Amino acid sequence: MIRPEFFIEKLRENGIDCFAGVPDSLLKNICAYITDHFDAQHNIIAANEGAAVGLAAGHYLATGQPACVYMQNSGEGNIINPLASLTDPEVYNIPVLLLIGWRGRPGVHDEPQHVKQGKVTTGLLNTMCINFDVLSKEEDKAEKQIAKAVAALKNKDVYALVIEKDTFEDYKLQNVEKNDLTMSREEAIQTVAAALGEKDCIVSTTGMISRELFEYRAAMNQGHERDFLTVGSMGHASQIALGIAMAKNDRTVWCFDGDGAAIMHMGSMAIVANKAPKNYVHVVFNNGAHDSVGGQPTVGLKIDLPAVAKSVGYPNAFTVGSKEDLVDALKVVKTLHGPVLLEVKVKKGNRKDLGRPTTTPIQNKEALMDFLKG
């Protein structure tokens, strides 16, 4: 395996000292090393991957030096627009180094939401005419690949290094942003789920939130038909929930969102507010971290999410940080016309033995559709 410090120093030696992106579980060791060794001006955790390409372009315009954009391969869709209409040689011809975690690589077992993305990861790069290497796990070979990438950048090309599982040695984040919150996300999810009516349904975002909701239902010997577990498609749960709420106005639809997901496509909040579904409750479990991919920080706890919601047109928005306040807030929320935003501030982390859904996405979809027919 490659030492994170070796990889980053090789980039530094070649003038690459600015990073932007969205953390990925396959890149968590590299992301942690970058966080500990670069200041906030040289490591920007972006709202989404496309925005990270924009940041890289701005850095190049200002300095003449290319930046590195890191992401999971699920973020390739977000970067296609800026790659085709901003950095492309036929437009502005701006070099960018892409560091892409290859979830769902064919032949390697992974979760259902990564299978298709894994199959098309390199194909998308080929379609976009972006040259790439699958980074070797041997440092001498990796050094040659980095040199090849640097040569391409000097030619003002975009170049990608695709990262397999277990490419980088372990590195633990030292500069951990801590908060003094005491309520766990799992406890908060259980509290909200227990307060729902029999006809209510939930759309939960990708990552730990969907996993913890699934385990709550299992622990309570309940079915999963009331929950749509958005195991992929990060940032879009609020719009899935909106689509259901607009078509089923006799039911209350609850969106269980995370701070990273809500920030990723924050403009969707404006659409929710504009459509003004009275049966819509948007719950954002905010721990200020991308918890599912290594705990890298978001700006979630540094911004006023309820103020954002109100500014785009949510008639009601609340924030709570304890179970007692959450219980009280839920009583109020259930008496109000939506859309309502409820920010629930929680501590970082999750149970080490947290499982994954045992039903397939297709089974989950069909059970929810049957439930919504009733």
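First, a word on scope: everything that follows refers to the structure included in this document. (Residues numbered from 1 in each chain as written. Predicted model: local features only at pLDDT ≥ 70, side-chain atom pairs only at ≥ 80, totals over all residues. Heavy atoms only, no water.)

**A word on the overall build of the protein**
Regarding its fold elements, the protein presents 14 helices and 14 strands. Over its C-alpha trace the protein gives a radius of gyration of 21 Å, about what one expects of a compact globule, namely 21 Å for 374 residues. Projected onto its principal axes, the C-alpha positions of the protein cover 60 × 40 × 40 Å. Restricting the contact set of the protein to residue pairs at least 6 apart, pairs at least 24 apart contribute 79%. Roughly 16,500 Å² of accessible area belongs to the protein as shown, and the carbon and sulfur atoms make up 51% of that amount. Between the mean site of the 39 positive side-chain charges and the mean site of the 45 negative ones, the protein shows a separation of 4 Å. (Helix = DSSP H or I, 4+ residues; strand = E, 2+ residues; numbered from the N terminus. Rg over C-alpha atoms; globule rule 2.2 N^0.38 Å. Contact = heavy atoms within 4.5 Å. Areas by Shrake-Rupley, 256 points an atom, 1.4 Å probe, with all protein chains shown as cover. Lys, Arg positive; Asp, Glu negative; His and termini not counted. Charge placed at Lys NZ, Arg CZ, Asp CG, Glu CD.)

**Some details on the side chain of Thr87**
Checked against the element boundaries, Thr87 lands in helix 4 (residues 76-87). In this structure Thr87 comes out as buried when scored by relative accessible area, which is 1%. For Thr87, the side chain forms a polar contact with the main-chain oxygen of Leu83, separated by 3.3 Å. If we ignore the near neighbours within four places in the chain, the residues touching Thr87 are Val53, Pro82, Asn93, Ile94, Val96 and Val158. (Buried < 20%, exposed > 50% of the residue type's maximum accessible area, 1.4 Å probe, protein only. Polar contact = N/O pair within 3.5 Å; in protein donor to acceptor, adjacent residues only side chain to side chain.)

**Some details on helix 12 (residues 305-312)**
Among the residues of helix 12, Leu305, Pro306 and Ala309 are the ones counted as buried. Summarising the axial view, the buried residues of helix 12 lie within an arc of 100 degrees, below the 170-degree limit, and thus occupy one face. Tucked inside the fold, the buried residues of helix 12 contact helix 11 (267-275), strand 10 (280-286), strand 13 (316-320) and strand 14 (340-345). A side-chain oxygen of the first residue of helix 12 lies 3.1 Å from the backbone nitrogen of Ala307; this N-cap is Asp304. (Arc of directions from axis to C-beta.)

**Some points on the packing of aromatic side chains**
Under the counting rule described, the total for this entry stands at four aromatic pairs. Ring centres 5.3 Å apart and planes at 70 degrees place the aromatic pair Phe7 and Phe168 in the edge-to-face group. Separated by 161 residues along the polypeptide, Phe7 in helix 1 (residues 4-13) and Phe168 in the loop between strand 6 (158-163) and helix 7 (185-194) bring together distant segments of the chain. Of the two residues examined, Phe7 and Phe168, each falls in the buried class. Look at Phe19 and Phe38: their rings are 4.9 Å apart centre to centre, the planes differ by 65 degrees, and that puts the pair in the edge-to-face class. Here Phe19, found in strand 1 (residues 19-21), pairs with Phe38, found in the loop between helix 2 (28-37) and strand 2 (43-45); they are 19 residues apart in sequence, far enough to count as distant. Under the relative-accessibility criterion, Phe19 is labelled buried at 1%. Classification of Phe38 by relative accessible area gives buried; the value is 10%. (Phe/Tyr/Trp six-rings, centres within 6.5 Å; stacked < 30°, edge-to-face > 60°.)

**Thoughts on unusual backbone geometry**
Of note, the bond from Gly338 into Pro339 is cis; its omega dihedral lies within 30 degrees of zero at 0 degrees. Non-glycine residue Cys129 carries a positive phi angle of around 60 degrees. By secondary structure assignment, the location of Cys129 is in the loop between helix 5 (112-127) and strand 5 (131-134). Note on Cys129: relative accessible area 68%, which makes it exposed. For Ala276, which is not glycine, the phi dihedral falls at a positive 50 degrees. Here Ala276 shows up in the loop between helix 11 and strand 10. For Ala276, a relative accessible area of 41% corresponds to the partly exposed category.

**Re the pairing of strand 14**
For strand 14, a buried count of five out of six residues is recorded, marking the element as mostly surrounded by other parts of the structure. As defined by bridge partners, strand 10 adjoins strand 14 across six bridges and the pair is classed as parallel. Along strand 14, the bridge assignment pairs Val284 with Glu343. Strand direction decides the pairing type here: strand 13 and strand 14, joined by five bridges, are parallel. Residue pairing across strands places Thr319 opposite Glu343, the latter belonging to strand 14. Following the backbone out of strand 13, through helix 13 (residues 323-333) and into the adjacent parallel strand 14, one traces a crossover that is right-handed. (Pairing = 2+ DSSP bridges. Right-handed = clockwise from strand over helix to strand, strands pointing away.)

**Focus: the pattern of salt bridges**
Applying the stated criterion to the full structure yields 17 salt bridges. As a salt-bridge pair, Glu215 and Arg351 come within 2.6 Å of each other at their nearest N and O atoms. Of this pair, Glu215 sits in helix 8 (residues 208-219) while Arg351 sits in the loop between strand 14 and helix 14 (361-373); the two residues are 136 residues apart in sequence, bridging distant segments of the chain. With a relative accessible area of 23%, Glu215 lands in the partly exposed category. Where Lys373 meets Asp370, a salt bridge forms, and the shortest distance between an N and an O atom there is 3.6 Å. (Salt bridge = Lys/Arg side-chain N within 4 Å of Asp/Glu carboxyl O.)

**Side note on helix 14**
Between its first and last C-alpha atoms helix 14 spans 19 Å; for 13 residues at 1.5 Å apiece the expected length is 18 Å, and the two agree. Where helix 14 is buried, its residues touch strand 7 (201-204), strand 8 (227-229) and helix 9 (237-247). (Expected span 1.5 Å × (residues − 1).)

**Brief notes about the sheet that holds strand 1**
Ordered by their spatial adjacency, six strands build an open sheet running 2-1-3-4-6-5, and the pairing between neighbours is parallel. Edge positions in the sheet fall to strand 2 and strand 5, since each of these pairs with one other strand and no more. Pairs of neighbouring strands in the sheet enclose a mean axial angle of 20 degrees, with direction left out of account. Those strands touched by helix 6 (residues 139-154) are strand 4 (96-101), strand 5 and strand 6, and its axis lies near 155 degrees from that of strand 6. (Axes fitted to C-alpha atoms, helices over the stretch in contact; angles between N-to-C directions.)

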